[in-house]
Amino acid sequence: MSQTPIKFQGSQGELSGLLEQQDSQSKAFVLFAHCFTCGKNSIAASHISKALVSAGFAVFRFDFTGLGSSDGDFANTNFSSNVEDLVAAANYLKENHQAPSILIGHSLGGAAVLKAAAQVPAAKAVVTIGSPADAGHVKHLFQGDLDTIGADGEAEVNLGGRPFKIKKQFIDDLDAQNTAHISNLKKALLVMHSPIDDTVSINEAEKIYVAAKHPKSFISLDNANHLLTNKADAAYAAKVIATWSEKFIATESSDSIQRVDVPAGQIRVTEINHKFQCDIQSTTHQWIADEPLKVGGSDHGPDPYQHLLAGLGACTVMTLRMYANLKKIPMDNVIVNLSHNREHGDDCQSCTEEHPKVDVIERSIEFKGELTKEQINKLLVIADKCPVHRTLHNKIEVRTELKN
């Protein structure tokens, strides 16, 4: 599993995030919003993220403005700025990795993802965990300080054993919120809540569920506490999310591109997204090309050079099979391994650059069967005569024209 620290611009300054994913292809990208005054490294955020990554998802979590390692003053934030931070995080993923397909919010973070969802068109599913239906629900945490905040414009309140400055603008912003957006979500919704949650009543989960339209689901977290401090509870939540979301998320693939009539002998390549992924079609086939994760792709298919090597390898195997069948050579099987690199062309007589480099394709061939040394040597000669091999050695001219 890889962990990549990320800095990006939020509503009021630079925010600190963490992208976790397996080294192989991810099923989908998940954006996780932590609970009120918590942070990206809260127990619930950490445990759920790691469990989802183990299930094949890429998860991005970050500190809201003024919390954890993020810039800004918490006293100047509010629920609306949290929503803006979430949208900024989603846009960052879209521009630099892959747009999030799933939004997950814990506690007030759940209320935030419900609000932000409309501004994240790529998101197909939303999950709330121990979340209030109305952002104003958090006012009960500093109910005894509301008069002071109203009179003085601010007050220092104790939240989770830590002091936080709450300003009147924060309260005013909460009062301006409503739940109309829940009924207009237009995304799959999973509501998760514990019946013994003594911070956010399970009645809030009922309000969310009733307000939302289908498709929607509810899962009880049984004996879990509000912060999901028991790792087993977080792992269970992640497992349910992973299974439930499969129905609503679709890994971007060539299936999303409509088949067209491609003339015989031609190849049609169409961009699928803005992150290198391409749909490739021939007269009878359709497949994917992509770049690896390390260069910003999604690794959903071979990269261009892998396609090139595959063409040479496939042509080598087919040519050897045709020759072996023709000459009745007992070749049971053949395996070809290929790699590509560039070497300094010290011996390249035709190179005119001061420090020329030559593209080198390393090809190793393994034969299976009772073959004589003479047969093997002849097959190796034939391998160099495969059509793609000869094409690569010919002078190639690529002619480009603009299609009107």
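Here the structure is shown first, and the text comes after it.
Predicted, not measured: the structure shown is a model, and the values here were computed from it.

(A) How the structure looks around the overall build of the protein chain. For the protein chain, the helix and strand inventory stands at 11 helices and 15 strands. In terms of overall size, the protein chain is more extended than a compact globule, its C-alpha atoms giving a radius of gyration of 29 Å where 404 residues would be expected to give roughly 22 Å. Projected onto its principal axes, the C-alpha coordinates of the protein chain cover approximately 95 × 50 × 45 Å. Relative to its 404 residues, the protein chain shows a buried fraction of 45%. Of the contacts made within the protein chain by residues no fewer than 6 positions apart, 61% connect residues no fewer than 24 positions apart. Of the roughly 21,300 Å² of accessible surface on the protein chain, a fraction of 50% belongs to carbon and sulfur atoms. Counting 39 positive and 48 negative side-chain charges, the protein chain places the centres of these two groups 8 Å from one another.

(B) Structural detail: the side chain of H106. Among the secondary structure elements, H106 is positioned in strand β5 (residues 102-106). Note on H106: relative accessible area 1%, which makes it buried. Polar contacts involving the side chain of H106 include one to the main-chain carbonyl oxygen of H226, which spans 2.8 Å. Those residues in contact with H106 that lie beyond four places of it in its chain are F32, A33, H34, C35, A44, I129, S131, H226 and L227.

(C) Here's a closer look at unusual backbone geometry. Following H214, the chain continues into P215 via a peptide bond in cis, with omega recorded as 5°. Structurally, the position occupied by P215 is in the loop between α7 (202-211) and β10 (216-220). One non-glycine residue, T37, lies in positive phi territory at about 65°. Along the chain, T37 falls in the loop between β3 (29-33) and α1 (43-54). Assessed through its relative accessible area of 8%, T37 is described here as buried. With phi around 50°, L228 is a residue other than glycine that occupies positive phi space. Looking at the element boundaries, L228 is found in the loop between β10 and α8 (231-245). Under the relative-accessibility criterion, L228 is labelled buried at 2%.

(D) Representation of the state of the cysteines within the structure. Applying the stated criterion across every chain yields a total of 1 disulfide. Here C315 stays free of any disulfide, with the sulfur of C386 as its closest cysteine sulfur at 3.2 Å.

(E) Main features of the nonpolar core. If you look at the biggest cluster of nonpolar residues, it comprises 55 residues, and the most contacted ones within it are F8, F60, F62, L86 and F142. Considering every element that reaches this core, the biggest residue donor is helix α2 (residues 79-96), with 9 residues. Leave out the neighbours within four places in its chain, and L86 touches L31, A33, F62, F64, A112, V113 and A116.

(F) Structural view of helix α5 (residues 168-175). When we look at burial in α5, the residues that qualify are F170, I171, D173 and L174. The arc that holds the buried residues of α5, viewed along the axis, is 160°, so those residues lie on one side. For α5, the elements touching its buried residues are α2, α4 (146-152) and β8 (162-167).

(G) Seen up close, the packing of aromatic side chains. All chains considered together, the criterion is met by 11 aromatic pairs. Ring centres 5.5 Å apart and planes at 80° place the aromatic pair F8 and F62 in the edge-to-face group. Placement of the pair is F8 in strand β1 (residues 2-9) and F62 in strand β4 (residues 58-62), with a sequence separation of 54 residues. Assigned by exposure class, F8 and F62 land together as buried. Feature note: the residues F8, F60, F62, F64 and Y92 constitute an aromatic cluster, connected by ring pairs. Taking NZ or CZ as reference, K216 lies 4.5 Å from the ring centre of Y209, over its face.

(H) Summary view of empty space enclosed by the protein. For the structure shown, the criterion picks out 3 cavities of 30 Å³ or more. The volume enclosed by the largest cavity comes to roughly 100 Å³. Residues of the lining of the largest cavity, tallied by class, amount to 9 nonpolar, 7 polar and no charged. Quantified by volume, the second largest cavity comes out at close to 40 Å³. Taken together, F79, A111, K115, A133, D134, A135, Q177, N178 and H181 make up the full set of residues lining the second largest cavity. Residues that form the lining of the second largest cavity fall into these classes: 4 nonpolar, 3 polar and 2 charged.

Conventions and cut-offs
Residues numbered from 1 in each chain as written. Predicted model: local features only at pLDDT ≥ 70, side-chain atom pairs only at ≥ 80, totals over all residues. Heavy atoms only, no water. Helix = DSSP H or I, 4+ residues; strand = E, 2+ residues; numbered from the N terminus. Rg over C-alpha atoms; globule rule 2.2 N^0.38 Å. Buried < 20%, exposed > 50% of the residue type's maximum accessible area, 1.4 Å probe, protein only. Contact = heavy atoms within 4.5 Å. Areas by Shrake-Rupley, 256 points an atom, 1.4 Å probe, with all protein chains shown as cover. Lys, Arg positive; Asp, Glu negative; His and termini not counted. Charge placed at Lys NZ, Arg CZ, Asp CG, Glu CD. Polar contact = N/O pair within 3.5 Å; in protein donor to acceptor, adjacent residues only side chain to side chain. Disulfide = S-S within 2.5 Å. Core = buried A, V, L, I, M, F, W, Y, C linked by side-chain atoms within 4.5 Å. Arc of directions from axis to C-beta. Phe/Tyr/Trp six-rings, centres within 6.5 Å; stacked < 30°, edge-to-face > 60°. Lys NZ or Arg CZ within 6 Å of the ring centre and 35° of its normal. 1 Å grid on protein atoms, 1.4 Å probe; cavity = no way out; pocket = protein on both sides within 12 Å on 5 of 7 lines; lining within 4 Å. Points joined across faces, edges and corners; volume = space filled by probe spheres on them. Nonpolar A, V, L, I, M, F, W, Y, C, P; charged D, E, K, R; others polar.

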